[in-house]
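# Coordinate analysis (summary)
Next come the chains, spelled out residue by residue.
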Amino acid sequence: MNKYFKTPLFVSIDLSNRCNLNCIHCRNNKTKITELNYNKIIELIKELENLEIFHLSFSGGEPFLHPEIYDILEYAQKLNFPKITITTNCVFIDRLKISKLDRTKIRFAISLDGPKDIHNLIRGKDVFDNVKENISYLVADKFYIMLNCTLMKQNYKYFDDIIKIGKELKVNQINFSKVFPVHPVIKQFMLTKEDLNELYDKYKHYSDEKDIVLFFDKGYIGFPDDYDKDISIYMGCRAGISQVNIMSDGSVIGCKLLPQICAGSIYKNDIKTIWENNDNWKIFRNMKDTVNNKICNDCKYFEACKGGCRAIAYYVTGNISSRDPFCPL
């Protein structure tokens, strides 16, 4: 029996790797600008509709820097995608063009990493007030709004403040995730197990919260975001199992944090062909072979967590097959 879906359920497309900010924890390669052209994106979206994917996401870089972003969104929303998310820093949006988007399909995932001084520090520019104003506009215009907060040494003490900001803005959801050391300098920003446990205890105090959905990725076992819970309850990493990411250079990968594990290119094969070639995805699909340590292989929770996060294992230990260093056991 295959331990992956017949076709991906979740697909993210990086339209461009251009960005207007200079975030201290950025994973983007800023030395070479790449961007998918409009015709290729439309061709790709048509193919994904035929594959009946459940959730389509557009990101970057900053997707609103793509010159045809609004044409792309207007085209995609007419097709049979139940959910479409655009991940953005929300610094600049065209309100007239935004008003033409379908509120029943289009969702915004917006970066917000703390109060004004902290957000601006992390994002590398004085943008907080502008972002907050744009979020308020989108909320008033009845879009589903998620805040994405990357937790690190610079902002984790502001956990409660971030929730307060989200509630004041009346957003629908806040997603908390930990920073990944995709570059050596970022290791100094990483939270410890003790930091994460402290935050998780705070998070549990909000379990009865009714005004806002809170999602906290502690990192050991994965749970669906609130807006995906009606499709499947899944455990462990989605990469190559139910999800693919298409990068702005056309490469198809399972995890954005591990771009070096590339399964193919949209300029050489279609998504279906790439997805069905199991050899390309074996590092994610055959975890019993990938996670090569006795503790994980003998653990009763292995089928749930699948050895934890391969990206964090790789960046912290240098070995993609090692045990997740944040495992609590």
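Residues numbered from 1 in each chain as written. Predicted model: local features only at pLDDT ≥ 70, side-chain atom pairs only at ≥ 80, totals over all residues. Heavy atoms only, no water.

Turning to helix 2 (residues 69-77), a few remarks are in order. Among all positions of helix 2, only I69, Y70, I72, L73, A76 and Q77 are buried. The buried residues of helix 2 all sit within an arc of 160° when viewed along its axis, so they share a single face. Packed against the buried residues of helix 2 are helix 1 (38-50), strand 2 (55-59), strand 3 (83-88), helix 3 (95-98) and strand 4 (106-111). (Buried < 20%, exposed > 50% of the residue type's maximum accessible area, 1.4 Å probe, protein only. Helix = DSSP H or I, 4+ residues; strand = E, 2+ residues; numbered from the N terminus. Arc of directions from axis to C-beta. Contact = heavy atoms within 4.5 Å.)

Turning next to the sheet that holds strand 7 (residues 213-216). One open sheet accounts for 10 strands, arranged 7-6-5-4-3-2-1-8-9-10; its pairing is mixed. Because the sheet does not close on itself, it has two edges, and the strands there are strand 7 and strand 10 (262-265). Neighbouring strand axes in the sheet, compared pairwise and without regard to direction, differ in orientation by 20° on average. Strand direction decides the pairing type here: strand 1 (residues 10-14) and strand 2, joined by 5 bridges, are parallel. Residue pairing across strands places V11 opposite L56, the latter belonging to strand 2. Packing against the sheet, helix 5 (residues 128-140) makes contact with strand 4 and strand 5 (144-151), and its axis sits at approximately 160° to strand 4. (Pairing = 2+ DSSP bridges. Axes fitted to C-alpha atoms, helices over the stretch in contact; angles between N-to-C directions.)

Time to look at the environment of H205. Mapped onto the secondary structure, H205 falls in the loop between helix 7 (193-204) and strand 7. Separated by 62 residues in sequence, H205 and Y267 have C-alpha atoms that sit 48 Å apart.

Okay, the environment of V185 next. Checked against the element boundaries, V185 lands in the loop between strand 6 (173-178) and helix 7. Residue V185 is classed as partly exposed on the basis of its relative accessible area, which comes to 48%. Along the backbone, V185 and H25 are 160 residues apart, and their C-alpha atoms lie at a distance of 8.7 Å.

Here we take up helix 5. Over its 13 residues, helix 5 extends 18 Å from the first C-alpha to the last, a length consistent with the 18 Å expected when each residue adds 1.5 Å. Three or more residues of helix 5 are buried, namely F128, V131, N134, I135, Y137, L138 and V139. Where helix 5 is buried, its residues contact helix 3, strand 4, helix 4 (116-123), strand 5 and helix 6 (159-169). Within two residues after helix 5, K142 carries a phi angle of roughly 75°, on the positive side. (Expected span 1.5 Å × (residues − 1).)

This next bit is on the nonpolar core. F58, F108 and I135 are the most contacted members of the largest nonpolar core, which totals 98 residues. Sorting elements by how many residues they give to this core places helix 5 first, with 6 residues. Apart from residues lying up to four places away in sequence, F108 is in contact with F64, I86, T88, I98, L101, L138, F143, Y144, I145 and M146. (Core = buried A, V, L, I, M, F, W, Y, C linked by side-chain atoms within 4.5 Å.)

As a further point, take the pairing of strand 3. The buried fraction of strand 3 is high, at 5 of 6 residues. Summarising the sheet, strand 2 and strand 3 pair through 4 bridges and their orientation is parallel. Among the inter-strand pairings, F58 is bridged to a residue of strand 3, identified as I86. What joins strand 2 to strand 3 is helix 2, and the crossover it makes is right-handed. (Right-handed = clockwise from strand over helix to strand, strands pointing away.)

Under the criterion given, the structure shown has 15 salt bridges. A salt bridge links K40 to E43; the nearest nitrogen and oxygen atoms lie 3.1 Å apart. You can see K40 and its partner E43 sitting in helix 1, 3 residues apart, about one turn around the helix. Judged by its relative accessible area of 16%, K40 is buried. The class for E43 is partly exposed, based on a relative accessible area of 46%. The partner of D160 in a salt bridge is K202, and the shortest N-O contact between them spans 3.6 Å. Within this pair, whereas D160 is found in helix 6, its partner K202 is found in helix 7, the two being separated by 42 residues in sequence. Look at K202 and you get partly exposed, because its relative accessible area is 22%. (Salt bridge = Lys/Arg side-chain N within 4 Å of Asp/Glu carboxyl O.)

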